[in-house]
Amino acid sequence: MAEEVKELQGSNGQHNLDNYKQTYENFDWEEAKKAFSWYDTGKVNIAYEAIDRHAENPNKKDQVALHYVAPDREEKLTFEELSKQSNKFANVLKKQGIEKGDRVFLFMPRSPEFYASFLGILKVGAIAGPLFEAFMEQAVHDRLEDSEATMLITTPDLLYRVPQDQLPDLKKVVLVGDSKDIEDGYIDYHEEMKNASDDFDIEWVDLEDGMVIHYTSGSTGKPKGVFHVHNAMIQHYQTGKWVLDLQEGDVYWCTADPGWVTGTSYGVFAPWLNGVTNVVVGGRFTPDAWYKALDQYKVTVWYSAPTAFRKLMSAGEEVAKKYDLSTVRHILSVGEPLNPEVVYWGLKAFDRRIHDTWWMTETGAQLICNYPTMEIRPGSMGKPIPGVVASIVDDQGNELPPNRMGNLAIKEGWPAMMRAIWKRPEKYESYFLNGWYVSGDSAYLDEDGYFWFQGRLDDVINTSGERVGPFEVESKLIEHEAVSEAGVIGKPDPERGEIIKAFISLNEGYEESDELLEDIRQFVKTGLAAHAAPREMDVTDSIPKTRSGKIMRRLLKARELGLPEGDTSTLEE
Ligand code: PRX
């Protein structure tokens, strides 16, 4: 143990954030802005700062920006090539009449085409909406409908999940695939790219102009469109330095899909704003494939998630030992609580500490983190980044002293904070209390300033790092002809963090059977998304509800876990 404690101490050497305490006391975001060319020119576009600026630099232009690897494809694009490819796509968009502020969505797996399109969208000043390729029809529909997206970029394989007849705003669909699979009426990506110029006059925007929308789940209602603006680049860049510790010559791998905010803020912006080579690995997760990627591409900085680490852990240390992981200098985690057990395993398997980071879709960038020079306390999310004030507040927004559990809250005004919930101003307002952004997580702060995550305060489920809203699953369940009512909760699970458990009651004339339950499960899986399908399902006569008809998920959960039922005074008779 003494040995381990020593290993948890901060590492010395050359790090971008050497003195946390001093920087925290003195840092001002105004300082960070000086890293950007717009500080002098007044001309802003995040795609310019991330890509074109390096493409214009004779010393950087030939460096690999994107190293894409999948089982059947490997491709490298330099900053100059990526700049040209995204210019071409920007020209394609212009030709199709896409303008500043338009919503252009992407529904496709990670690929060089994805990144060229994504950057092209930003270059015309439009707003990009990346969607997980795992989404099924309902999930795709709700997001495109809410955002009033006018264009979608997808693949011929995924097209059947896009209900175009129910999406009046969706005027154009670009297909990335073989020309022979592309029917009339669709825009053929490769054909258009062939003919497009690789010169483009980038659209200069305002720092407060729209950049990306990420849909995410809450405990009530449909998924909400979290709206981010170009200003976020200031924090993407700065946390890339301090937290990812990116340095010249680094090879960086973020395992997250860009359908999730981690895959854009830290899978696109932070690495490229800092001018490092970005490895993108396609294909399915297997422990061997991942270790091989670290080894073969000589990854130096690696950002992943507890679920993945737990899977690697259960595959055994011996698998790790088969590979040369000596280039890996810095490992980080996000998305769920990072169990102390995983941190100790990391010390053995990689001889490295895993650095937890906390943030949310809504916060746009990392806020509470463990830094290379800081002692790690396993189980703690770390300390706020310089320029950010974090605290624990009560339900009235008053700060609580150390060691008291409460709402994890952030003082309003960090650069990457969302600027709106798309078309739902009241929802946006509901996050704020007394000058604090209230996260919905409960946590406490220890005497030394470390934050400790305790749980979600709402009913949002975190299964393998995927944020799932119970309402969305319940809504889908009751669309099934056999289901009359449904209540959905997250149930603790050692590998996935939580699994989705559904309680359902059946319509008259339906009998419980394994076949029926499997049919219902498949219905959610093929209608919404595989990760949203309940892994466990119980049939009950009735679902507990409040007198106003709200499903009491808290009570379902307490009963499931054998915990005290708490206040049930609002329970319907
Ligand atoms: O509950 C927290 C959990 O994930 C939520 C945010 O999910 P999402 O918007 O999908 O974004 C995650 C990636 C930025 C949080 O409210 N969460 C995130 N990071 C951690 C975490 N829980 C514990 N420890 C973390 N490091």
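Computed from a predicted structure; not experimentally measured.

1. Some thoughts on the overall build of the chain
Scanning the chain for helices and strands turns up 19 helices and 27 strands. Over its C-alpha atoms the chain spans a radius of gyration of 24 Å, differing by no more than 12% from the 25 Å that the globule rule assigns to 573 residues. For the chain, the C-alpha atoms occupy an extent of roughly 75 × 65 × 50 Å along the three principal directions. Counting only residues that meet the buried cut, the chain has 49% of its 573 residues in that class. Restricting to contacts in the chain with at least 6 residues of sequence separation, those with at least 24 account for 67%.

2. Overview of the UniProt feature "domain: AMP-dependent synthetase/ligase" (unreviewed entry) in the chain
As annotated in UniProt, the feature "domain: AMP-dependent synthetase/ligase" (unreviewed entry) corresponds to residues 59–419 in the numbering used here. Along residues 59–419 one finds 29% helix and 24% strand; the C-alpha atoms at either end are 36 Å apart.

3. What to know about the pairing of strand S5 (residues 151–154)
Residues Met-151 and Ile-153 line one face of S5 and the alternating positions Leu-152 and Thr-154 line the opposite face, and both faces are buried. Across 4 bridges, the pairing between strand S3 (residues 103–107) and S5 is parallel. Bridge pairing links Phe-105 to Leu-152 in S5. Strand direction decides the pairing type here: S5 and strand S6 (residues 172–175), joined by 4 bridges, are parallel.

4. Describing the UniProt feature "domain: AMP-binding enzyme C-terminal" (unreviewed entry) in the chain
Taken from the UniProt record, the annotation "domain: AMP-binding enzyme C-terminal" (unreviewed entry) applies to residues 472–550. In the segment residues 472–550, helix accounts for 28% and strand for 32%; the C-alpha atoms at its two ends are 14 Å apart.

5. Notes on the environment of Asp-394
Along the chain, Asp-394 turns up in the loop between strand S17 (390–393) and strand S18 (406–411). Between the alpha carbons of Asp-394 and Trp-422 there is a distance of 28 Å; along the sequence they are 28 residues apart. Non-local contacts of Asp-394, meaning those with residues more than four positions away in its chain, are made with Leu-400 and Gly-406.

6. Some words on the site of the ligand
Surveying the vicinity of the ligand reveals 22 residues, the closest of which are Trp-358, Met-360, Thr-361, Phe-453 and Arg-467. Of all elements in the fold, only helix H11 (261–273), strand S14 (354–358), strand S21 (436–445) and strand S22 (451–456) reach the threshold of two or more residues within the shell around the ligand. In the shell around the ligand, the residues fall into 9 nonpolar, 8 polar and 5 charged.

7. Some remarks on helix H15 (residues 340–349)
Within the sequence span of H15, burial applies to Val-342, Val-343, Gly-346 and Ala-349. The buried residues of H15 all sit within an arc of 130 degrees when viewed along its axis, so they share a single face. Where the residues of H15 are buried, they touch helix H13 (306–315), helix H14 (317–321), strand S13 (330–333) and S14. One or two positions beyond H15, positive phi appears at Asp-351, with a value near 60 degrees.

8. Some words on the confidence of the model for the chain
Detailed reading of the predicted model is not advised wherever pLDDT is low. Chain-level statistics for the chain give a pLDDT mean of 94 and a share of 99% at 70 or above. The ipTM value of the predicted complex is 0.99, and its pTM value is 0.93.

9. Quick look at the environment of Asp-356
Mapped onto the fold, Asp-356 is located in strand S14. Spatially, the C-alpha atoms of Asp-356 and Pro-287 are 21 Å apart, while their sequence positions differ by 69 residues. In contact with Asp-356, other than residues within four places in its own chain, are Ser-333, Leu-338, Asn-370, Met-381 and Gly-382.

10. Thoughts on the environment of Leu-8
Of note, Leu-8 is situated in the loop between helix H1 (2–7) and helix H2 (20–26). Judged by the 17 C-beta atoms lying within 10 Å of it, Leu-8 falls in the partly exposed class.

11. Examining helix H17 (residues 470–479)
Taking burial as the measure, the 10 residues of H17 include 7 buried ones, the bulk of the element. Of all the residues in H17, the buried ones are Pro-470, Phe-471, Glu-472, Val-473, Glu-474, Lys-476 and Leu-477.

12. Side note on the packing of H17 against helix H18 (residues 514–527)
Each pair of packed helices can be summarised by the angle the axes make with each other and by the distance between the axes. Look at H17 against H18: their axes get within 9 Å of each other, and the N-to-C directions meet at 120 degrees. The orientation of H17 relative to H18 falls into the category oblique. The way H17 lies across H18 gives a crossing that is right-handed. On H18, the residues touching Val-473, Lys-476 and Leu-477 of H17 are Ile-520, Val-524 and Gly-527. For the contact of H17 with H18, the per-class residue count stands at 4 nonpolar, 1 polar and 1 charged.

13. Some words on unusual backbone geometry
In this structure, Glu-148 is a non-glycine residue whose phi angle is positive, near 50 degrees. Relative to the helices and strands, Glu-148 is located in the loop between helix H8 (137–147) and S5. Owing to 14 C-beta atoms within 10 Å, Glu-148 belongs among the partly exposed residues under this scheme. The phi torsion at Asn-403 lies on the positive side, around 70 degrees, for a residue other than glycine.

14. Considering the packing of helix H10 (residues 233–242) against H11
In contact at an axis separation of 8 Å, H10 and H11 are set at 75 degrees when each is read in the N-to-C sense. It follows that H10 is roughly perpendicular to H11 by the angle criterion. On the side of H10, the interface is formed by Met-233, His-236, Tyr-237, Thr-239 and Gly-240, while H11 contributes Ser-265, Phe-269, Ala-270, Pro-271 and Leu-273. Split into classes, the residues belonging to the contact of H10 with H11 amount to 6 nonpolar, 4 polar and no charged.

About the cut-offs
- Residues numbered from 1 in each chain as written.
- Predicted model: local features only at pLDDT ≥ 70, side-chain atom pairs only at ≥ 80, totals over all residues.
- Helix = DSSP H or I, 4+ residues; strand = E, 2+ residues; numbered from the N terminus.
- Rg over C-alpha atoms; globule rule 2.2 N^0.38 Å.
- Buried ≥ 20, exposed ≤ 12 C-beta atoms within 10 Å, placed from the backbone.
- Contact = placed C-beta atoms within 7 Å.
- UniProt positions renumbered as here; feature names shortened; annotations may be inferred.
- Pairing = 2+ DSSP bridges.
- Near = placed C-beta within 6 Å.
- Nonpolar A, V, L, I, M, F, W, Y, C, P; charged D, E, K, R; others polar.
- Arc of directions from axis to C-beta.
- pLDDT = per-residue confidence, 0-100.
- Axes fitted to C-alpha atoms, helices over the stretch in contact; angles between N-to-C directions.
- Parallel < 35°, antiparallel > 145°, perpendicular 65-115°, else oblique.
- Left-handed = near helix turned anticlockwise from the far one by under 90°.

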